[in-house]
Every structure is written in C-alpha cells, then in structure tokens.
Amino acid sequence: MMSYEEFTQKEAALESAPQAEREAFYAEILEKETAKTDVRMMAYFHAALLHYREGDFRAAREILEPFVIDYQSYAYRPEIIACFNLMGVAVYCERSYALARFYIHEGLKIARENHETSRYSYEYNNLAVTYLAQHEYEKALEAIREAERHLPDSDREMHAYIYRNLSEICCHLDRLDEAQAALTRCVEEYDGRTLLPDDILLVEMLLYYKLGDAERYEKCRAEVWQKLPAMHAAEFGNTANNLFACEMDAGNYPQVERILAAMDDYLVRNPGESAVKAYAQAAPGTYQAILMDLMMPVMDGYAATRAIRSSGRPDAGTIPIIAMSANAYAEDVQKCLDTGMNAHISKPLYKDVMLETIERFV
C-alpha cells in the first residue's frame, strides 16, 4: 500500500512526464488501492484533472463519479471539496448547468460542515457562473456578491476572477457604474489584465457596447474575432453569444451573419446540434415545428430562437418553436415565451405531453 508521502513524491516526479504515463500511474493506483485511502481519493482527483485540462470533460466526470457517490466512506480532507468543485466545473463545461449547481452546492455544504471558509468564495463564484450561462442575471448577482463577501484576503487571483464576473453580470443587468467599478478593481487592484487577458477583453467588449463607446467596442470586437477560433467549447459559446446579443441589439446584420457562420464553422470542427443551420439550409415548409433544447452547445436555445425569428425566411415568424428544458419554473417558461418560443415542455419528456403540445401548433 502506497503512503500519502510516497504518492506526492511520485506525482512530483511525474509532473513533466507525458500524459499517458501520468494516466497510467493514477489508473494503477485506482486498480490496486482498493481501500478508501487518501491516496485513492487523490488519484481520482488528479486523473480527472488531467482529462479536464485536455478538454475531455466527460472522461473527467466518469473518473470522479465513483468517488463523489461514495465520498463519505473516506476520511475528510479539504481535497474532497476540490473533487466536487471539479465535478461541477466539468459538468458546467458540458452545459448541464442545473447538475453543475448540484455538485457545487454539495462542495459548499462539505466546506461549511468542516469550516473551510476559504473555499466559500470559490463555490459561490462557480454558482454565479452557471447562472450567468443561463442568463439568470439576478441569481448570478446574488451568488457573486456572496463570493465577494467571503473572499480570502490573500488570494489575489480569486479577487480578479470574482470582480471580472461581477462586471459581466452587472453589464447584463445594465448596472453600468457597478460594472465599471468592478472591472477597474479587477484590472488595477488585482492585475486582472495579466491574469485573465481574454476574460477581461470579453467584458470590456460588452461594457463598451453598453456604454455606447463604438470606437473601443469595435477595437475589442476585432481582438475577440482573432481569438475566437482557438477557444474551447464553453468559452466559445459564451463569447459568441455575447457578440450575437450585441450585434442583434444594434441591428448589425452583416456581423450577425458573420457570427452565425463562425458558429457553423465551430460545429463542423466540433459536431453538435445546430437548429439554426438545419432550419436555414432547408427549403421553406420542410419543418412543421422545431423542438428547441435550451442547452445546446455553442448557441443556446434562446439565441437560436432569436436567430430563427429574425432570419427573414417566409416562415420565420410562424414556425412553432417548442422549448424542452428541465428548468420548469414559471419564470423559465415565461422567458421562453418572451424570446419567441410558442410553448415549453418540461424534462423528463413524456410522449403524450409532447405529442399533445405539438398538435396544438401543427
């Protein structure tokens, strides 16, 4: 049985080794170390982290899942919280936001039970990010304020992340003075431009658009376009949706077309659902209705609905669009209707409910 000290020494020695060699090290521990030890727990975490950093979020989830189900069988270590945090972030990157919040809340609960107050800001920040991705800005603001309230004085990088996220949330809520103040703190007090250059650029683009500063907005937009092709899924989706929202609001349809083309190019490289592409390429009348998953990769269901409704096609205003989502509160349903959808079906889906809803419009 490997001791914890032996594990940390071996892991340090493998720090610069090829990924396959590091994976083999963790896999061997998980195969042979059957007891619920600290070493086994850390092998779960670091093996998942390897895959997460490579962008293989599903593999990271599959590795961590046995541990998070059975974590109470292990002696407490602060790294247990990190396991739940990583699980939540991996799920977030797959755009399963409600599930991500479940894991983040579990990590927060464990932190509270063990008085790990330094972890609170991380968990609340991650909660805010999930709400931000779903355009639930008031809930995002509430969570990010909790993250700010619990910030450890010594963690300058976390300060930068939280004030950056606070700035974006306030931009979406049109609280522009607060957005500017948060961004200034991020950049000037916590060196955010060095720590988070691309994240800062995206917030600046959004803020300058909201402020009506066309010159600085266009400069930021040009930089964003240069960086867009290299972004991974979650980052690309957030950036493209912010670009899309600004240009749609401005009525700049050539830029909207450019953004949609960039999304299509991304989906060619990273295949996934593309309701807008399928609709746009089909002859009018091909589809009698659209069942719209709200949590699609790259462009979510709200943005896809806006793109379809504004496409100028003969049936763009009349084709029924029916939302499908596990988010089924009254405000979720109303948000779908306000975006231009005709109805909302809750997940899990039931055949009779789905058929009955479709028959109302077709």
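As a convention, each chain's residues are numbered from 1 in the sequence order in which they are written. Since the coordinates come from a predicted model, pLDDT governs what is reported: local features require at least 70, and pairs of side-chain atoms require 80 or more to be given and counted, while whole-chain, interface and lining totals use all residues. The side-chain figures draw on all heavy atoms in the structure; neither hydrogens nor water molecules are used.

S.K.: Quick rundown of the environment of glycine 192? Include the residues and the values.
M.R.: In this text, helices come from DSSP runs of H or I with a minimum length of four residues, and strands from runs of E with a minimum of two, each type numbered from the N-terminal end. Structurally, the position occupied by glycine 192 is in helix H11 (residues 192–195). By relative accessible area, which is 0% here, glycine 192 ends up buried. Here the alpha-carbon distance between glycine 192 and tyrosine 161, two residues 31 residues apart in the chain, equals 7.7 Å. Contacts are residue-level and defined by heavy atoms, with any inter-residue pair within 4.5 Å sufficient. Residues contacting glycine 192, with those up to four places away along its chain left out, are Ala160, Cys186, Val187, Pro197 and Ile200. For every residue, the accessible area obtained with a 1.4 Å probe (protein chains only) is divided by the maximum for its type, and the residue is called buried under 20%, exposed over 50%, and partly exposed between those limits.

S.K.: Now, about unusual backbone geometry: what can you tell me, with residues and values included?
M.R.: Its identity is not glycine, yet aspartate 174 carries a phi of approximately 60 degrees, on the positive side. Its location among the elements puts aspartate 174 in the loop between helix H9 (156–172) and helix H10 (176–190). The phi torsion at aspartate 191 lies on the positive side, around 55 degrees, for a residue other than glycine. With respect to the helices, strands and loops of the structure, aspartate 191 is situated in the loop between H10 and H11.

S.K.: Outline the pattern of salt bridges, listing residues and values.
M.R.: Salt bridges are counted wherever a side-chain nitrogen of Lys or Arg sits within 4 Å of a carboxyl oxygen of Asp or Glu. Using the criterion set out here, one finds 19 salt bridges in the structure. When the shortest N-O distance is used, the salt bridge between aspartate 38 and arginine 77 registers 3.4 Å. Taken together, the residues span a long stretch of sequence, with aspartate 38 in helix H3 (residues 38–53) and arginine 77 in the loop between helix H4 (57–70) and helix H5 (79–93) at a distance of 39 residues. You can call aspartate 38 partly exposed: its relative accessible area is 24%. Arginine 145 serves as the salt-bridge partner of glutamate 178, at 2.9 Å between the closest nitrogen and oxygen. Within this pair, whereas glutamate 178 is found in helix H10, its partner arginine 145 is found in helix H8 (residues 137–149), the two being separated by 33 residues in sequence. A single salt-bridge network, built from bridges that share partners, covers Arg145, Glu148, Arg175 and Glu178.

S.K.: Now, about the sheet that holds strand E1 (residues 290–293): what can you tell me, with residues and values included?
M.R.: By definition, two strands form a pair when at least two bridges between them are found by DSSP. Spatially, the three strands line up as an open sheet ordered E1-E2-E3, and their pairing is parallel. Taken across any chain shown, the strands that pair with only one partner, and hence form the sheet edges, are E1 and strand E3 (343–346). Across the sheet, the mean angle from the axis of one strand to that of its neighbour is 30 degrees, orientation sign disregarded. Pairing of strand E2 (residues 321–325) with E3, which is carried by four bridges, proceeds in the parallel orientation. Paired with isoleucine 322 across the two strands is alanine 343, which belongs to E3. Across the sheet, helix H17 (residues 301–309) lies against E1 and E2, angled at about 145 degrees from E1, the strand it touches most. Note on geometry: axes are C-alpha line fits, over the in-contact stretch for helices, and angles between N-to-C directions span 0 to 180 degrees.

S.K.: Tell me about the nonpolar core, residues and numbers included.
M.R.: The nonpolar side chains of a soluble globular protein tend to be buried, and buried together. In this description, a nonpolar core means a group of buried Ala, Val, Leu, Ile, Met, Phe, Trp, Tyr and Cys residues linked to one another through side-chain atoms lying within 4.5 Å. Counting residues in hydrophobic clusters, the biggest one holds 101 residues, and the most contacted among them are Phe67, Ile144 and Phe244. If you tally residues by element for this core, the top one is H5, at 12 residues. Sequence-distant contacts of phenylalanine 67, that is, excluding residues within four places in its chain, are made with Met41, Tyr44, Tyr74, Ile80 and Cys83. Listed in part, the 13 residues of the second largest apolar core include Ile308, Ile319, Cys336 and Met341.

S.K.: Which residues make up a negative patch on the surface, and what values do they have?
M.R.: A cluster of acidic residues, Glu54, Asp56, Glu62 and Glu65, forms a negative patch at the surface. Residue position: glutamate 54 is located in the loop between H3 and H4. Taking relative accessible area as the criterion, glutamate 54 reaches 56% and is therefore assigned exposed. The residues that make up patches have over 30% relative accessible area and no salt bridge, and they are joined within 9 Å when like-charged or within 5 Å when they are Val, Leu, Ile, Met, Phe, Trp or Tyr. Method for areas: the Shrake-Rupley scheme with a 1.4 Å probe, in which residue coverage is limited to the protein chains shown. Charge assignment in this entry is limited to Lys and Arg as positive and Asp and Glu as negative, and neither His nor the chain termini are counted. To locate a charge, take atom NZ for lysine, CZ for arginine, CG for aspartate or CD for glutamate.

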